[in-house]
Amino acid sequence: MDENRQQAVIMGQGDTHIVLDGPSLRIKKAQLADQRIPLKRINQINSFGTCKWETSALLACSDKNIIINFCRQDGSIRAQLQPPVKTSHNIPIQQLLEQRIKSYEAGHEFKQSLKNQCQIAINQAQQSMAKQYGIRRHIDEKNLIDHIAKENINSFSWKKLKHIMQALIKSDVSGMLWRDSIQPGQVIFELHQIDLVGHLTTLIYCEIIPRILNQISADKQPGQKIRITAAKIIDLHHHQQNKIQSKYNQALLQIHRSLLENKHDNQ
């Protein structure tokens, strides 16, 4: 991610309008002072809830290569606006991916390798949490993170945290893939039911969720469970940006290497 350009979050509340105001977006809410977001400072927007976007504001974001994710209040992504994919001559990973999964067998093998990577990441996250909290193996390991989270966070807040955090990471991944000229929505991926965005989202989520739960649990008062607002979740996500970028780079490099090795093996 460009360190000089950050994400912006817009929380739709009541009658929220987003209009273009010169080189900025102006966010207008009833009975509240207007907010201004300079376009040059952002590379991605997560718009939650009900917002009315002016067409010129949407087009200005596209012209500035700003991705917009339209999210429901529970954090799930309803739609996305992405500028045209940029061409790249440095990382031919899109071409390698398409060449790698041309046949049914190759596509199945590649999808299985992604599934295996996700399972390893989930296991590592479970083991990390079990070690941190001194949990013995008699607890159902598949639900270990849920078990630990619900010991410290009320159920509604935990559900909200999972949904919004996963949606934010998914939007991060979509934006980073776009900036790397990778189009996971191509027909060949759909034919093989390969969800590259979902795969990378899972890897990143498993990397950062133990850190986030540890951070939240440190603030817990005895005998009480923590309540978490959407604003708090967005702040937690913001403080994990470097780790999100690092894990994405690591995962993409691993995929790239495996594709190059496969290409050399077939030559």
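Residues numbered from 1 in each chain as written. Predicted model: local features only at pLDDT ≥ 70, side-chain atom pairs only at ≥ 80, totals over all residues. Heavy atoms only, no water.

### A look at the overall build of the chain
No. 1: Across its full length, the chain holds nine helices and eight strands.
No. 2: Within the chain, buried positions represent 43% of all 267 residues.
No. 3: A sequence separation of at least 24 residues applies to 67% of the contacts in the chain between residues at least 6 apart.
No. 4: A total accessible area of about 15,000 Å² is found for the chain, and carbon and sulfur atoms account for 47% of it. (Helix = DSSP H or I, 4+ residues; strand = E, 2+ residues; numbered from the N terminus. Buried < 20%, exposed > 50% of the residue type's maximum accessible area, 1.4 Å probe, protein only. Contact = heavy atoms within 4.5 Å. Areas by Shrake-Rupley, 256 points an atom, 1.4 Å probe, with all protein chains shown as cover.)

### Here we look at the sheet that holds strand E1 (residues 6-11)
No. 1: The mixed open sheet is built from four strands, whose spatial order is E1-E5-E7-E8. What marks the edges here is a single partner per strand, and that holds for E1 and strand E8 (77-81). When the angles between neighbouring strand axes are averaged without regard to direction, this sheet yields 15°.
No. 2: Packed on one face of the sheet, helix H1 (residues 55-63) meets strand E5 (42-48), strand E7 (67-71) and E8 and runs near 130° to E7.
No. 3: Strand contacts of helix H5 (residues 155-179): E1, E5, E7 and E8, with the helix running at about 145° to E5, the strand carrying the most contacts. (Pairing = 2+ DSSP bridges. Axes fitted to C-alpha atoms, helices over the stretch in contact; angles between N-to-C directions.)

### Some thoughts on the pairing of E5
No. 1: E5 sits mainly inside the fold: seven of its seven residues count as buried.
No. 2: In terms of strand pairing, E1 meets E5 through six bridges, oriented parallel. Considered in E5, the bridge of Ile10 is made with Ser47.
No. 3: Pairing of E5 with E7, which is carried by five bridges, proceeds in the parallel orientation. Along E7, the bridge assignment pairs Asn46 with Asn69.

### Some words on the sheet that holds strand E6 (residues 52-53)
No. 1: With mixed pairing, the four strands of this open sheet are ordered in space as E4-E3-E2-E6. Lying at the two open borders of the sheet, with one neighbouring strand each, are strand E4 (35-38) and E6.
No. 2: As defined by bridge partners, strand E2 (residues 16-21) adjoins strand E3 (residues 24-29) across six bridges and the pair is classed as antiparallel. Bridging from a neighbouring strand, Thr16 pairs with Lys29 of E3.

### Thoughts on H1
Side chains three or four residues apart in an α-helix point the same way, a direct result of the helix having 3.6 residues per turn.
No. 1: Here H1 has its buried residues at Ala57, Leu58, Ala60 and Cys61. Along the axis of H1, the buried residues cluster in a sector spanning 160°; they form a single face. Those residues of H1 that are exposed and angled more than 90 degrees off the buried face are Thr55, Leu59 and Asp63.
No. 2: Among the structural elements, E2, E3, E5, E6, E7 and E8 are those in contact with the buried residues of H1.
No. 3: Remark: Asn65 follows H1 within two positions and exhibits a positive phi of approximately 60°. (Arc of directions from axis to C-beta.)

### Overview of the environment of Ile148
No. 1: Mapped onto the elements of the fold, Ile148 is located in helix H4 (residues 144-152).
No. 2: The exposure class assigned to Ile148 is buried, which follows from its relative accessible area of 3%.
No. 3: Taking the C-alpha atoms as reference, Ile148 lies 7.9 Å from Met129; in sequence the two are 19 residues apart.
No. 4: Residues contacting Ile148, with those up to four places away along its chain left out, are Met129, Tyr133 and Ile135.

### Quick word on unusual backbone geometry
No. 1: Although it is not a glycine, Asn65 adopts a positive phi angle of roughly 60°.
No. 2: Accessibility expressed as a relative area gives 31% for Asn65, which makes it partly exposed.

### A short note on the side chain of Asn154
No. 1: Of note, Asn154 is situated in the loop between H4 and H5.
No. 2: At 3.2 Å, the side chain of Asn154 forms a polar contact with the backbone nitrogen of Phe156.
No. 3: When neighbours within four sequence positions are excluded, Asn154 is seen to be in contact with Lys225, Ile226 and Arg227. (Polar contact = N/O pair within 3.5 Å; in protein donor to acceptor, adjacent residues only side chain to side chain.)

### Considering the packing of helix H3 (residues 104-133) against H4
No. 1: In contact at an axis separation of 9 Å, H3 and H4 are set at 40° when each is read in the N-to-C sense. It follows from the interaxial angle that H3 and H4 lie oblique. The two elements H3 and H4 cross, and the hand of that crossing is left-handed. Counted together, Ala125, Gln126, Met129, Ala130 and Tyr133 of H3 and Leu144, Ile145, Ile148 and Asn152 of H4 form the full contact between these two elements.
No. 2: Taken together, the residues of the contact of H3 with H4 break down into seven nonpolar, two polar and no charged. (Parallel < 35°, antiparallel > 145°, perpendicular 65-115°, else oblique. Left-handed = near helix turned anticlockwise from the far one by under 90°. Nonpolar A, V, L, I, M, F, W, Y, C, P; charged D, E, K, R; others polar.)

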